Amino acid sequence: MQSQEGIVFLLAVVAFLAFSILLPSFLSSGNLLVLVRSVSILGILALGMALVVIARGIDVSMIAVMVVSVSWAFVITRAGYPFELALLIGASFAMLAGIMIGTLIAFGEVPPIFATLAAGSVIYGTGRTFFFTLEMQNVPPDTEWFRLIGQGNVFGIPVTVVAFALLCVVVQLVLRRTRFGWMTYAMGNNPNTARVSGLPTRPMIVAQYASTALIAYVAGLILASSAAAINARLFNSTMIYDILLVVVLGGIGLNGGHGSVRNVILGTVFVGILLNGMTIMNIDYTIQNLVKGVVLLLAIVVDSLVNPRDEQTSQQGDL
């Protein structure tokens, strides 16, 4: 894993230097500000994904939970509810969605990839049918404090970066210093052994997906604050693959049991630089997706070589 981290770090440095030399606008203050903000949001989402991947899960419903819960909170505000109360309702919806997904996986024993794929479509369809009709939901007026989250600075540092840093600290402490984190790694290393040892694996799975959904909601709020709106079309974008790319490329193996916040930060920086550089170069969106797809495929191949799957993880349904 150390060698993979070293390679990714080197690639990030090379990409940064190459874009700095070849693209005059890359080092502009405006572009760097856009870069750090976008990287922070992507990193926050990757932190949520890391929680379930370390425990041998996966969550491709994150974007659906994010856009529906945030959009609904804005709609409720315009309907006359206090903005703070609407935000709490949105958070409750996100956590409820995560709990339902976790319950389906833990007690229904549905493979996470299928459960979250189906749940994402159900959540998005429910939101568009019953909660809101417009794809673009603007941040409600008279919420200046909320806009500062995505557009403000603390001692010259964007609040989005500060929020990402704080969440990194919190997640790292949870993973390394709490019983919840220890059990998450134990489940990833060997689910059967963890279950036989008496660990509450089913409640843990529910808690992990609820936490991931809540983190996705927080990322959505920061994204909406930065852009002054949330676009439901993000559900149909490649953002979920960007998140997986960050996690796998950073060194958190899909077979679970290892990885840390450091891997998320490393993958976030590299993927953020790569996406920003391709955008400045005005590379066609289809080609960008091709590049990301190839990089993700290579990352998965490398992960399978570095972290070979044992007999248990090769069984159908481990993801």
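Remember, predicted model here, so these are calculated numbers, not experimental data.

Here is what the cut-offs are and how they apply
Numbering of residues starts from 1 in each chain and follows the order in which that chain's sequence is written. Local features in this predicted model are restricted to residues of pLDDT 70 or higher, and side-chain atom pairs are both shown and tallied only at a pLDDT of 80 or more, whereas totals for entire chains, interfaces and linings draw on every residue. To obtain the side-chain values, all non-hydrogen atoms of the structure were included, while hydrogens and water were left out. The helix count covers DSSP runs of H or I at least four residues long, the strand count covers runs of E at least two residues long, and both are numbered beginning at the N terminus. Radius of gyration here is computed from C-alpha atoms only, and the compact-globule reference equals 2.2 Å multiplied by the residue count raised to the power 0.38. Remark: exposure states derive from per-residue accessible area (1.4 Å probe, protein chains only) relative to the maximum for the residue type, with buried under 20%, exposed over 50%, and partly exposed in between. Positive charges come from Lys and Arg alone, negative charges from Asp and Glu alone, with His and the N- and C-terminal ends not counted. Each charge is placed at NZ for Lys, CZ for Arg, CG for Asp and CD for Glu. Only buried Ala, Val, Leu, Ile, Met, Phe, Trp, Tyr and Cys residues count toward a nonpolar core, and they belong to the same one when joined by side-chain atoms within 4.5 Å. Contact between two residues is taken to exist if any of their heavy atoms lie within 4.5 Å; hydrogens are not considered. We define a salt bridge as a contact between a side-chain nitrogen of Lys or Arg and a carboxyl oxygen of Asp or Glu at a distance within 4 Å. Here the aromatic set is Phe, Tyr and Trp, taking the six-membered ring for Trp, and pairing holds for ring centres within 6.5 Å; pairs whose planes are under 30 degrees apart are stacked, those over 60 apart are edge-to-face, and all others are tilted. Helices are assigned an expected span. That span is 1.5 Å times one less than the residue count. Axes here refer to lines fitted to C-alpha atoms; in helices the fit is confined to the stretch in contact. Angles between the N-to-C directions go from 0 to 180 degrees. With respect to orientation, any angle under 35 degrees is reported as roughly parallel, any angle over 145 as roughly antiparallel, any angle of 65 to 115 as roughly perpendicular, and every other angle as oblique. Should the near helix be turned anticlockwise from the far one by less than a right angle, the crossing is left-handed, and should it be turned clockwise, the crossing is right-handed.

Peer 1: Tell me about the overall build of the protein chain, residues and numbers included.
Peer 2: Across its full length, the protein chain carries 13 helices and 4 strands. For the protein chain, whose C-alpha radius of gyration is 19 Å, the value lies close to the compact-globule estimate of 20 Å for 319 residues. The principal-axis extent of the C-alpha atoms belonging to the protein chain is close to 55 × 50 × 35 Å. When the 319 residues of the protein chain are sorted by exposure, 52% land in the buried category. The distance from the centre of the 14 positive side-chain charges to the centre of the 13 negative ones in the protein chain is 4 Å.

Peer 1: Kindly report on the nonpolar core, identifying the contributing residues and their values.
Peer 2: Among the nonpolar cores identified, the biggest contains 98 residues, and Leu-45, Met-49, Ile-63, Met-66 and Ile-243 are the most heavily contacted of them. No other element matches the 14 residues that helix α2 (residues 29–54) contributes to this core. Met-49 has contacts with Ile-58, Asp-59, Met-62, Thr-212, Ile-240, Ile-243, Leu-244 and Val-247, leaving out every residue within four places of it along the chain.

Peer 1: Can you break down the side chain of Arg-37 residue by residue, with the values?
Peer 2: Its place among the elements puts Arg-37 in helix α2. Although Arg-37 is buried, it makes no salt bridge; Glu-144 carries the closest opposite charge, 13 Å away. Setting aside chain neighbours within four positions, we find Arg-37 in contact with Gly-150, Gln-151, Gly-152, Pro-158 and Thr-160.

Peer 1: If you had to explain unusual backbone geometry to someone new, which residues and values would you point to?
Peer 2: A positive phi angle, near 60 degrees, is found at Asp-142, a position not held by glycine. Residue position: Asp-142 is located in the loop between β1 (136–138) and α6 (144–151). In this structure, Ala-228 takes a positive phi of about 65 degrees despite not being glycine. On the secondary structure map, Ala-228 appears in the loop between α10 (201–227) and β4 (229–231).

Peer 1: Explain the packing of aromatic side chains to me, using residue names and the numbers behind them.
Peer 2: As enumerated under the stated definition, the model contains 11 aromatic pairs in all. Plain terms: the ring middles of Phe-16 and Phe-26 are 5.4 Å apart, the flat faces sit at 70 degrees to each other, and that makes the pair edge-to-face. Of this pair, Phe-16 sits in helix α1 (residues 2–22) while Phe-26 is found in the loop between α1 and α2, placing the two residues 10 residues apart along the sequence. Taking the relative accessible area as the measure of exposure, Phe-16 reaches 30% and is therefore partly exposed. Residue classification places Phe-26 among the buried positions, given a relative accessible area of 0%. Ring geometry for Tyr-124 and Phe-235: centres 4.3 Å apart, planes at 10 degrees, overall stacked. Taken together, the residues span a long stretch of sequence, with Tyr-124 in helix α5 (residues 112–131) and Phe-235 in the loop between β4 and α11 (239–250) at a distance of 111 residues. Overall, the relative accessible area of 12% leaves Tyr-124 in the buried class. A connected cluster of aromatic rings, assembled from ring pairs, spans Phe-74, Phe-83, Trp-145 and Phe-146.

Peer 1: Please give an account of α10 that cites residues and values.
Peer 2: Taking 1.5 Å of rise per residue, 27 residues should cover 39 Å, and α10 covers 39 Å from first to last C-alpha, within 8% of that figure. Where burial is concerned, most of α10 is hidden: 19 out of the 27 residues are buried. Ala-228, located one to two residues past α10, shows a positive phi value of around 65 degrees.

Peer 1: If you had to explain the packing of helix α3 (residues 62–78) against helix α4 (residues 83–106) to someone new, which residues and values would you point to?
Peer 2: Running from amino to carboxyl end, α3 crosses α4 at an angle of 150 degrees, the nearest separation of the two axes being 8 Å. Overall, the two elements α3 and α4 adopt an arrangement that is roughly antiparallel. Where α3 crosses over α4, the handedness of that crossing is right-handed. On α4, the residues that touch Val-65, Val-68, Ser-69, Trp-72, Ala-73, Phe-74, Ile-76 and Thr-77 of α3 are Phe-83, Ala-86, Leu-87, Ile-89, Gly-90, Phe-93, Ala-94 and Ala-97.

Peer 1: I'd like a rundown of the environment of Glu-84, residues and numbers included.
Peer 2: Along the chain, Glu-84 falls in helix α4. Each C-alpha atom, one on Glu-84 and one on Gln-137, is 17 Å from the other, the two residues being 53 residues apart in sequence.

Peer 1: Give a detailed account of the pattern of salt bridges, specifying residues and quantitative values.
Peer 2: Summed over the entire model, instances satisfying the criterion amount to 4 salt bridges. When the shortest N-O distance is used, the salt bridge between Glu-135 and Arg-233 registers 2.5 Å. Of this pair, Glu-135 sits in the loop between α5 and β1 while Arg-233 sits in the loop between β4 and α11; the two residues are 98 residues apart in sequence, bridging distant segments of the chain. A residue is classified by how much of its surface remains accessible, and Glu-135, at 28% relative accessible area, is partly exposed. Overall, the relative accessible area of 53% leaves Arg-233 in the exposed class. Salt-bridge contacts for Lys-292 lead to Asp-242; the nearest nitrogen and oxygen are separated by 3.1 Å. Here Lys-292, found in helix α13 (residues 285–306), pairs with Asp-242, found in helix α11; they are 50 residues apart in sequence, far enough to count as distant. According to the relative accessible area criterion, Lys-292 is buried, its value standing at 9%.

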